[in-house]
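This is what each chain is made of:
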Amino acid sequence: MSSSVSVVNEGGVAIVTIDNPPVNALSFHVREPLMQALVALRDDASVAAIVIACAGRTFVAGADITEFGKPMQQPELRAIVAALEVIAKPTVAAIHGTALGGGLELVLGCHFRVADQGAKLGLPEVKLGILPGGGGTVRLPRLVGAVKALKMIVSGTPIGASAAHGAGLVDAVFEGDLTPHAVNFAREMARKGGPFTPVRDRDELLRGTDLASFDAEAADLAGKARGLEAPIACAQAVRNAVTLPFDEALAAERALFVKLVASDQSRAQRHLFFAEREAAKLPGKDVVKRRVARVGVIGAGTMGGGIAMAFANGGFPVTLLETSHEALQRGLATIEKNYAVSVTRGSLSEDAKRQRLAQFKGSTDYADLADCDLVVEAAFEDMAVKKEIFGKLDAVARPDAILATNTSYLDIDEIAASISRPQDVLGLHFFSPANVMKLLEIVRAEKTAPDALATVVDLAHRIGKVAVVVGVCHGFVGNRMLAARGSESEALLLEGATPRQIDEAFTDFGWPMGPFQMGDLAGLDIGWRNRKARGLTAVIADTLCEQGRFGQKTGRGFYLYEAGARAGVPDPEVEALIRDKAAQMGIVPRTIGAEEIIERTLYPLVNEGAKILEERIAARASDIDVVWVNGYGFPVGKGGPMFWAGLEGAARIIERLEHWYRQTGKDVFQPGPLLRRMAETGSWATDATG
Ligand code: T1G
């Protein structure tokens, strides 16, 4: 045997244990000994049944994603599953942790599956821009039915053990140590005797498929694909399971897999998978993290309330502080309403709502923050206000409490310098709604202590956030680049593009919404206040705000919103306003195509990202991709702005920016050294990252 696969014969039941930390991925050094073990056990007369289990924290979490894009070494997963299926004696998978992707496909080759209560089973390949390539699209429908399989595979969302048991994917669920239960189950199956029908031969569920309702469900899911190929291919593969003989459907799955795994979209999504994990890694040696048992949040407004919920949802007791009893009650009432909405939607149980609300303690007295290990300030975006708050915190907070600000733009070094312990100060820049948005920009100030930084990076993971460590500058990474993206939006309006045309160019690119839809959703007054604070203007947006048109919240912004409508409709008044302003500025409108819109908004985004890397505000280009995909909806199929720049070609980006700068009367475009180097080498690596 090998160190990755071991076999123990327990009274005639062979226990095959896979041991490939950290997630038992089906790497080649697992597949080869696993195949050898199965072939040997198939013919071993002393073995009446076989159990496949895993060591460590989880069952097989999938194929080894790092092997993609390289020649696949034999045996492939498909061959192992086929070898499993011809074994006449009962085969039982013992599932704990997460059986995902190839892990679930492996267990579909077994006659039976048993799981512990906390197990999850799923086929998340679609999130990597591919589809299950080990027979999952053909076998899963045979156990749970075509429509259930379609939803699981196109969403990529795993299901829990009890749901899997109810759906027929798992034959038994056990509490406690799973392996003995699995061995007893296998022994009982052997005692009862066969035949043991392999999943591939179980067609009964498929025969009842209503293809019309299947197609309707598939069409609905396809409508949400936003240009991604994998969801469409997943649906097609599951449909093949219903309409084609097993082996033809399996061959069709393989053909789709081979096409997708080589696609830019899958490369982009695999890039993001590893980029998110890389972003959480801090340079230098590991440091001892500080203990965080209780969190304080200052400010119970939209951001403060959302931040408090994010920590309460992660299991932390929260002290929520406001300046007045009325403001505090308003904040707590909003939090309770938010949880009530989740209960109504069915995404939260009443019991969970009660548990989370019990985590909150409200106060208007700073002294009540004295037992907090982390305090997050989410007050008004004003430096004087922040300094006053941090001054009070400096006096009351525990000696090694971490003092964080949620500021979007202000200089955190200046805040840190205003108190006695700058080493405890950092930024936690949440994105609204803070209890929903995954991205958390962790701002490392000049004097932030390494252990404080490591502590909050770990905390981010514990509350389900995707953390990216960034440096101090105006807008950090995301909002600084957002300003670069928005700089041309108004110019495009004045030159002849309508808000709808610009937004449609974005949604056709794959964004969930365009810049004007996003502005109306977030509230145009936020940008207006920020521009005024910095002495900047945006002639159209400023005029709309002066008219009280703040977007959805006022029923009118760039678009008109019928009572309560979420989707706006073009407003002739706005288009007339744009025409008037353009005329006053002597601009003659012209037809502007989608390609120009994308080049003039997204190429400056890339250029700003390159500057951010040069200034070491972000440590890696992939960190910038993680920010933009998780904080602003950059299409995952394009991998984030910096990965996408590689697809576009930095040389082309430079050439087009030079063109547009000339065309719009700006100074000559000067690409920075890193953008130039990217054009020459195809790599964003800076000296720091090698
Ligand atoms: N392959 C290679 N490395 C993997 C991996 C995988 N499948 N999954 C995780 N890792 C690494 C990860 O990069 C990190 O590395 C470490 O393991 C811990 O991961 C044929 C083709 C299982 C829920 O998509 O969802 O099967 O940073 O930080 O938060 O049809 O990992 O430590 O160096 O995420 O506890 C399908 C992907 C593959 C599941 C655990 N499977 N993994 O989460 O730990 S394609 C997936 C996850 C496939 C077949 C197809 C999560 C997790 P490092 P982690 P975690």
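Residues numbered from 1 in each chain as written. Predicted model: local features only at pLDDT ≥ 70, side-chain atom pairs only at ≥ 80, totals over all residues. Heavy atoms only, no water.

## So, the sheet that holds strand S7 (residues 120-122)
Sheet strands pair by backbone hydrogen bonding; their relative direction is either parallel or antiparallel.
Link 1 in the chain: The sheet built from 3 strands is open, its strands ordered S5-S7-S8 with mixed pairing. Single-partner strands in this sheet number two, and they are strand S5 (98-100) and strand S8 (159-160).
Link 2 in the chain: In the sheet, S7 pairs with S8 via 2 bridges, with the strands oriented antiparallel. Following the sheet pairing, Lys120 is matched in S8 by Gly160. (Pairing = 2+ DSSP bridges. Helix = DSSP H or I, 4+ residues; strand = E, 2+ residues; numbered from the N terminus.)

## Describing helix H23 (residues 524-533)
Because the α-helix completes a turn every 3.6 residues, residues three or four places apart line up on one side.
Link 1 in the chain: Taken residue by residue, H23 has Leu524, Asp525, Trp528 and Arg531 as its buried positions. Mapping the buried residues of H23 onto a view down its axis gives an arc of 125°, with all of them on the same face.
Link 2 in the chain: The inward-facing, buried residues of H23 abut helix H22 (515-522) and helix H24 (539-546).
Link 3 in the chain: One or two positions beyond H23, positive phi appears at Gly535, with a value near 70°. (Buried < 20%, exposed > 50% of the residue type's maximum accessible area, 1.4 Å probe, protein only. Arc of directions from axis to C-beta. Contact = heavy atoms within 4.5 Å.)

## Quick word on the domain arrangement of the protein
Link 1 in the chain: In terms of domains, the protein is made up of domain 1 (5-262), domain 2 (295-476), domain 3 (478-496 + 590-616 + 618-690) and domain 4 (512-584).
Link 2 in the chain: Distance from the C-alpha centre of domain 1 to the C-alpha centre of domain 2: 42 Å. (Domains from an automatic or database assignment.)

## Focus on the site of the ligand
Link 1 in the chain: Lining the immediate surroundings of the ligand are 28 residues, of which Arg57, Ala63, Glu105, Glu125 and Arg277 lie closest.
Link 2 in the chain: Note that an oxygen atom of the ligand is positioned 2.5 Å from one of the side-chain N or O atoms of Glu105.
Link 3 in the chain: A distance of 2.7 Å separates an oxygen atom of the ligand from a polar side-chain atom of Glu125.
Link 4 in the chain: In the complex, 75% of the free accessible area of the ligand, which totals 1,000 Å², lies under the protein chains.
Link 5 in the chain: Put simply, the parts of the chain that give the shell around the ligand at least two residues each are S5, helix H3 (102-108) and helix H12 (264-279).
Link 6 in the chain: Here the shell around the ligand takes 3 residues from H12, the largest share from any one element. (Near = heavy atom within 4 Å. Polar contact = N/O pair within 3.5 Å; in protein donor to acceptor, adjacent residues only side chain to side chain. Areas by Shrake-Rupley, 256 points an atom, 1.4 Å probe, with all protein chains shown as cover.)

## Here's the deal with the sheet that holds strand S4 (residues 91-95)
Link 1 in the chain: One open sheet holds the 6 strands; their spatial order is S1-S2-S3-S4-S6-S9, and the pairing between them is mixed. Of all strands in the sheet, those bounded by a partner on one side alone are strand S1 (5-10) and strand S9 (172-174). Taking the axes of each pair of neighbouring strands and ignoring which way they run, one obtains an average angle of 20° across the sheet.
Link 2 in the chain: Examined bridge by bridge, strand S3 (residues 49-54) and S4 share 3 bridges and lie parallel to one another. (Axes fitted to C-alpha atoms, helices over the stretch in contact; angles between N-to-C directions.)

## So, the nonpolar core
Note on soluble globular proteins: their nonpolar side chains tend to be buried together.
Link 1 in the chain: Counting 89 residues, the largest nonpolar core has Leu403, Val477, Phe558, Ile624, Trp628 and Trp684 as the members making the most contacts within it.
Link 2 in the chain: If one sorts the elements of this core by residue count, helix H26 (residues 594-614) sits on top with 9 residues.
Link 3 in the chain: Not counting the four nearest positions on each side in its chain, Phe558 is found in contact with Leu493, Pro499, Phe516, Asp520, Leu524, Ile540, Ala541, Leu544, Asp571 and Val574.
Link 4 in the chain: One finds Ala115, Leu131, Ala164 and Leu206 within the second-largest nonpolar core, a separate group that totals 69 residues. (Core = buried A, V, L, I, M, F, W, Y, C linked by side-chain atoms within 4.5 Å.)

## Regarding the pairing of strand S17 (residues 466-470)
Link 1 in the chain: The element S17 is largely enclosed, with a buried count of 5 among its 5 residues.
Link 2 in the chain: Burial along S17 is two-sided: Val466, Val468 and Val470 and Ala467 and Val469, pointing in opposite directions, are all buried.
Link 3 in the chain: Direction of pairing for strand S16 (residues 439-443) relative to S17: parallel, over a ladder of 5 bridges. Bridge pairing in S17 places Leu439 opposite Val466.

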